[in-house]
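# Structure assessment
Read off the chains here:
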Number of protein chains: 4
Amino acid sequence: MKVGFIGLGRMGREMAKQILGGGHELVVYNRTPEKAADLATAGATVAPSIADLCAEREVVVTMLADDAALEEVTTGAGGLRDSMASGTIHVVMGTHGVKIVHVLDAVHQKSNQILVSAPVLGRPDAAAAGQLGIVPAGPVAAVSQCKPLFEAMGRGTFDAGLRPEAANAIKLTNNFVLGCAIEAMAEAFSLVRKYDVQPEVLFDVMTGGLFSAPAYKVYGKIMVDESYDNVGFTTLLGLKDANLVMEAADVARVPLPSVNAYRDRLLGAIAHGDGERDWAVMAREQARASGLDG
Amino acid sequence: MKVGFIGLGRMGREMAKQILGGGHELVVYNRTPEKAADLATAGATVAPSIADLCAEREVVVTMLADDAALEEVTTGAGGLRDSMASGTIHVVMGTHGVKIVHVLDAVHQKSNQILVSAPVLGRPDAAAAGQLGIVPAGPVAAVSQCKPLFEAMGRGTFDAGLRPEAANAIKLTNNFVLGCAIEAMAEAFSLVRKYDVQPEVLFDVMTGGLFSAPAYKVYGKIMVDESYDNVGFTTLLGLKDANLVMEAADVARVPLPSVNAYRDRLLGAIAHGDGERDWAVMAREQARASGLDG
Amino acid sequence: MKVGFIGLGRMGREMAKQILGGGHELVVYNRTPEKAADLATAGATVAPSIADLCAEREVVVTMLADDAALEEVTTGAGGLRDSMASGTIHVVMGTHGVKIVHVLDAVHQKSNQILVSAPVLGRPDAAAAGQLGIVPAGPVAAVSQCKPLFEAMGRGTFDAGLRPEAANAIKLTNNFVLGCAIEAMAEAFSLVRKYDVQPEVLFDVMTGGLFSAPAYKVYGKIMVDESYDNVGFTTLLGLKDANLVMEAADVARVPLPSVNAYRDRLLGAIAHGDGERDWAVMAREQARASGLDG
Amino acid sequence: MKVGFIGLGRMGREMAKQILGGGHELVVYNRTPEKAADLATAGATVAPSIADLCAEREVVVTMLADDAALEEVTTGAGGLRDSMASGTIHVVMGTHGVKIVHVLDAVHQKSNQILVSAPVLGRPDAAAAGQLGIVPAGPVAAVSQCKPLFEAMGRGTFDAGLRPEAANAIKLTNNFVLGCAIEAMAEAFSLVRKYDVQPEVLFDVMTGGLFSAPAYKVYGKIMVDESYDNVGFTTLLGLKDANLVMEAADVARVPLPSVNAYRDRLLGAIAHGDGERDWAVMAREQARASGLDG
């Protein structure tokens, strides 16, 4: 396929390589062009602008950091709306809010373009291995047309239906279930510590039984080791996503008390200076709230 | 070893069989003696009273339904305090609160008896297979003395240290982390349903990735199937344990906002008549709170 | 009337004086008899035991510190159950839980005695002025019979109906609405301080408008002045009552998320060593949770 | 003074009349010009556009419904930024978020204009009586220059300091303390109803004592009467403000658990179709969550 790719951050770069590796014709664009060097070497064309990138593309993938960047790239002067040919598909793969995706869907429809939302599950290492989970939503034909790309990048797709923002709801939900698990563990470690229990013991109990899954093994281990400076995902990014969850809940009219609990813990952690640490640092913030770890 | 066993409910019966199968000399007692029939056939002696049971026992195991029963069996007239010989070990294996265990520990010490707390992880099928997880806490020598029993009943032990109530804190904590996971899923399904997502899709996303563990597979499946009448653990028992968690948190001075969230959901479910359903029915209660499922 | 009074603490002493001042024949009892000296001087008879106090009494008032004391005084050997004549009324005026009141109501009924629950609103100064609010509940005739006593002690009564524990539900509810107001203010002051607002300004805005009531004026002032060592009601007592509220909510199957919020703040405050300070110290604990006041 | 006024809704209209009544020279603008008829009759000039309104104004007041309207009026083509002369003051009197005020403050500074934020306390009847509370923040000289206007409209000012968004923080905080009080009452009524207490009794207990203030008298009365269709402030507006509170808390890094509690209740009420009822309808939503009022 003739593919454009915008957003060559830690995730995007790896995803673009997989597309290239899948035999597709790839044009890339990044605001800071240096990040495109690797891909150029590997055979991708580097476009000097979004407008140039859009020329003769069937599909343009965006993998951007936040809603503001996505909006700018799509509706800014010379952006996707202005540059994509009629019938072209914009595949939005970043973690975005339901509101912006809903708005941009309408924007593209008005311009006879198609928006498919397809957020991904997995970290950069999974992206580099072509092992992302992909959650596509949008018009059936368009999603189907994108399948070869998803196969190049992922281990499988989870069909989220016709409403593009539904894919984002799933992605955000998966994130918030993780946030809840981390907060639950944070509370758990503080409680047993007060009974002179070694954190390792609780970790073994949990991960050796009901909770033998990455969410608990990875984040529980960080808590046991207090290795919060070895950052996978920052507290600030956790808050950004929590706020997107709140937005999705607001739009849908769903109270989410467990999300409130961990979002408050994130706010407290940031207030105490842990914003750039791994978001497992909720355990430290919970400890503070419990009179532990001064 | 010469073992006494009190409390032949669904769990206790299976645990006692494993002890017998381990070659120990077993005397059992149950308030309703009919429940001892199986064990009598299998070779256990049935004692007509707690006092009789205690004769010549090195260890007396209790597996009782709640704190009130444990208190009565221990400190009631003719109970363990009055009947156990000096140096005998009372192994408390039920799910009890930290307060009662702390109190009974002092009671036994005063009578030159020893209390070991050793709550178990796993359901009746694990008990029947001798595959329980066991979390012992208490004096080192006494815990060590009980090891053959634990080996007969369990897949392994998780050492909780010297304070007996620490074992209960771990057991209750493991339970509450589960309650938090169930509530998080409950919130998750309500949210995505508002975006027209099939619950199965979210279930696959979660259990195929970060949450590939029994807590999510078992309870998520119940939610997807809405099979709340196939009861593993009732909402009312969930509340009982949540209240024990609150007590442990109160004693330890630890705020547990995530526990609040799921405890409130349990209260709401019971208020709506779902007390005897499986506690995964939190998902239905969350749906109600979200204006779904009337 | 022929009145017995048990429990001469800060509140009870003043209430007993008002009864005496109302022209009633008063016999008093206190575990530590020195506290009865004032009342003896004022004309009350001091009984050497509860049994002696009960002789020829129409009504026995208890004003005790907690549920355990109430239970002991009522059902302990030589207590009210054993000593009150048939038809005598036990007026329970302390702040107690719904469970114990319900249990003791049944205890008295079985002994042909009557329990009226009548918790009070107001602090020792209101008690000393005979200006307490009184919330009676129980059998109509018995409540009616007690009216002269209530008139001696109070500014008015609020009829809570036939179920004695309903009076306690009201008293506890009034307390928890106060706890919620204090927590709301605590959150409020932390938030505006982050915007460089002087706490006094917010205090003036609140108490000069929608919140021109003692709850806000008294506790808001303590927060503005940070005069937490001038103790009206300790954090530990606040937690005791919050736990009774949780019990009432548990019995009634009512989720109370706002109570969770302030109860957690109390736990945090106690964990940080503020248990004996005025419970307005929730503001300091909230500030800690917000990264203020280290 | 030479004053412009934009936004003649229920509040704005009354405020503009007070300015006119104070002897100031007033030009008004409203998107739907019909709403300006009254004011024209009363002596105000009606401007056909924002640009026209700005001519020769010392001060331009805006009283707009939401952040989007404020942003459009200020930064849209032909808006205040483009039209106000250097040194002119924009007095923002609506209830807006801290973010937008902070952003527009910078916008005006860049154009050598001045932003003063001055949200108001009180309902339309207070506005009509010139009895609003006013919370101004911004540069000292500019705030001082606006004093005659504030005197025309209000009963007094509460000085919020130099940062314009601080005034909004105070206004939003005052609102959220109210939301917390309403939610606390909502929980309170559900709890006592389960003990067969008449809501009026609790209302009398509360408002006759610690809570003898408008917040409780007005909203408690609505709950007792269940007169939710007599709307002062809708649930949807309550949610809008709650979201602005969350934003302010997010910016400031302050966890607000009590706000979470009432915001969730608002979401539930809206999910159940009560969005256009008075926000005291939280009591009905709480009753639903408690298994009352089906």
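Residues numbered from 1 in each chain as written. Chains lettered and ligands numbered in written order. Predicted model: local features only at pLDDT ≥ 70, side-chain atom pairs only at ≥ 80, totals over all residues. Heavy atoms only, no water.

## Comments concerning the sheet that holds strand β7 (residues 120-121) of chain D
Sheet strands line up and pair through hydrogen bonds in the backbone, either parallel or antiparallel. Residues and elements named next belong to chain D. Strand order in this open sheet of three strands is β7-β8-β9, and the pairing throughout is mixed. Every other strand in the sheet has two partners, leaving β7 and β9 (154-157) as the edge strands with one partner each. With three bridges joining them, strand β8 (residues 132-134) and β9 adopt parallel strand pairing. Note on β9: the bridge partner recorded for Ile-134 is Thr-157. (Pairing = 2+ DSSP bridges. Helix = DSSP H or I, 4+ residues; strand = E, 2+ residues; numbered from the N terminus.)

## Details of the interface of chain C and chain A
Across the boundary between the two partners, chain C contributes nine residues, which contact nine residues of chain A. Our count for the contact surface shared by chain C and chain A stands at zero salt bridges. At the level of secondary structure, the elements contributing two or more residues to the side of chain C that touches chain A comprise α13 (257-271) and α14 (282-289) of chain C. In terms of residues, the side of chain C that touches chain A owes the most to one element, α14 of chain C, which gives three residues. (Contact = heavy atoms within 4.5 Å. Salt bridge = Lys/Arg side-chain N within 4 Å of Asp/Glu carboxyl O.)

## Points about the relation of the copies chain C and chain A
The operation relating chain C to chain A is a screw motion whose rotation component is 180°, with 0.0 Å of axial translation and a residual RMSD of 0.0 Å. Seen this way, the second copy is the image of the first under a two-fold rotation axis. No C-alpha of chain C lies nearer the rotation axis than that of Ala-289 of chain C, which sits 3.3 Å from it. Most of the interface of chain C is mirrored in chain A: 100% of its interface residues are interface residues there too. (Least-squares fit on C-alpha atoms with pLDDT ≥ 70 in both.)

## Concerning the side chain of Glu-187 of chain A
By secondary structure assignment, the location of Glu-187 of chain A is in helix α9 (residues 164-193). Arg-265 of chain A provides the closest opposite charge to the buried, salt-bridge-free Glu-187 of chain A, at an N-O distance of 4.8 Å. Each residue touching Glu-187 of chain A, except ones within four places of it in the same chain, is listed here: Gln-286 of chain A together with Phe-176, Leu-256, Pro-257, Ser-258 and Val-259 of chain B. (Buried < 20%, exposed > 50% of the residue type's maximum accessible area, 1.4 Å probe, protein only. Lys, Arg positive; Asp, Glu negative; His and termini not counted.)

## Observations concerning the nonpolar core
Of all hydrophobic cores here, the largest spans 228 residues; its most connected members are Phe-176 of chain A, Phe-176 of chain B, Phe-176 of chain C together with Phe-176 of chain D. If we skip the residues at most four places from it in the chain, Phe-176 of chain D touches Ala-184, Glu-187, Ala-188 and Leu-191 of chain C together with Val-245, Leu-256, Val-259 and Tyr-262 of chain D. (Core = buried A, V, L, I, M, F, W, Y, C linked by side-chain atoms within 4.5 Å.)

## With respect to the sheet that holds strand β9 (residues 154-157) of chain A
Residues and elements named next belong to chain A. Spatially, the three strands line up as an open sheet ordered β7-β8-β9, and their pairing is mixed. Since the sheet does not close on itself, it has two edges, and those belong to β7 (120-121) and β9, each with one partner. Contacts between helix α8 (residues 140-153) and the sheet are confined to β8 (132-134) and β9, with β9 contributing the most and set at about 135° to the helix. (Axes fitted to C-alpha atoms, helices over the stretch in contact; angles between N-to-C directions.)

## Some points on the interface of chain B and chain A
Contacts between chain B and chain A engage 60 residues on the former and 60 residues on the latter. For the pairing of chain B and chain A, the buried interface totals around 4,900 Å² over both sides, and the portion due to carbon and sulfur atoms is 69%. One can count two salt bridges joining chain B with chain A. Of the charged contacts, one joins Arg-163 of chain B and Asp-196 of chain A as a salt bridge, the two residues approaching to 2.9 Å between their closest N and O atoms. For the interface between chain B and chain A, the tally reads 16 residue pairs in polar contact (both at pLDDT 80 or more). Considering each element in turn, the side of chain B that touches chain A owes the most residues, 18 residues, to helix α9 (residues 164-193) of chain B. Broken down by class, the residue content of the side of chain B that touches chain A amounts to 40 nonpolar, nine polar and 11 charged. (Buried area = accessible area lost by both parts, 1.4 Å probe. Polar contact = N/O pair within 3.5 Å; in protein donor to acceptor, adjacent residues only side chain to side chain. Nonpolar A, V, L, I, M, F, W, Y, C, P; charged D, E, K, R; others polar.)

## Topic: the pattern of salt bridges
Under the counting rule described, the total for this entry stands at 60 salt bridges over all chains. Residue Lys-221 of chain A pairs with Asp-225 of chain A through a salt bridge whose shortest N-O separation is 2.7 Å. Within this pair, Lys-221 of chain A and its partner Asp-225 of chain A are both found in helix α11 (residues 214-225), separated by four residues, close to a single helical turn. You can call Lys-221 of chain A partly exposed: its relative accessible area is 40%. Residue Arg-284 of chain C pairs with Asp-274 of chain C through a salt bridge whose shortest N-O separation is 4.0 Å. One end of the pair, Arg-284 of chain C, is in helix α14; the other, Asp-274 of chain C, is in the loop between α13 and α14, and 10 residues separate them in sequence. The network of salt bridges with shared partners includes Asp-229, Asp-274, Arg-277, Arg-284, Glu-285 and Arg-288 of chain A.

## Quick word on α8 of chain A
All names here are of chain A. A rise of 1.5 Å per residue sets the reference length of α8, with its 14 residues, at 20 Å; its end C-alpha atoms lie 19 Å apart and thus fit the reference within 8%. Lys-147 marks where α8 bends most, by close to 45°; the proline Pro-148 follows one to four residues later. Listing the buried residues of α8 in full gives Ala-142, Val-143, Cys-146, Leu-149, Phe-150, Ala-152 and Met-153. (Expected span 1.5 Å × (residues − 1). Bend = angle between axes of the 7 residues up to and from the residue.)

## Topic: the packing of aromatic side chains
All names here are of chain B. Scanning the entire structure with this criterion turns up 18 aromatic pairs over all chains. Relative to Trp-279, the ring of Tyr-219 lies with its centre 6.2 Å away and its plane at 90°, an arrangement referred to as edge-to-face. One end of the pair, Tyr-219, is in helix α11 (residues 214-225); the other, Trp-279, is in the loop between α13 (257-271) and α14 (282-289), and 60 residues separate them in sequence. Taken as a pair, Tyr-219 and Trp-279 share a single burial class, namely buried. When the centroid spacing of 6.3 Å and the interplanar angle of 70° are considered together, the rings of Tyr-262 and Trp-279 count as edge-to-face. Taken as a pair, Tyr-262 in helix α13 and Trp-279 in the loop between α13 and α14 lie far apart in primary sequence, 17 residues in all. The residues Tyr-262 and Trp-279 share a single accessibility class, namely buried. (Phe/Tyr/Trp six-rings, centres within 6.5 Å; stacked < 30°, edge-to-face > 60°.)

## Describing the confidence of the model for chain A
Caution is warranted with low-pLDDT regions, since their predicted coordinates should not be read in detail. Per-residue pLDDT for chain A averages 97, and the proportion of residues at 70 or more is 100%. The ipTM value of the predicted complex is 0.96, and its pTM value is 0.96. (pLDDT = per-residue confidence, 0-100.)

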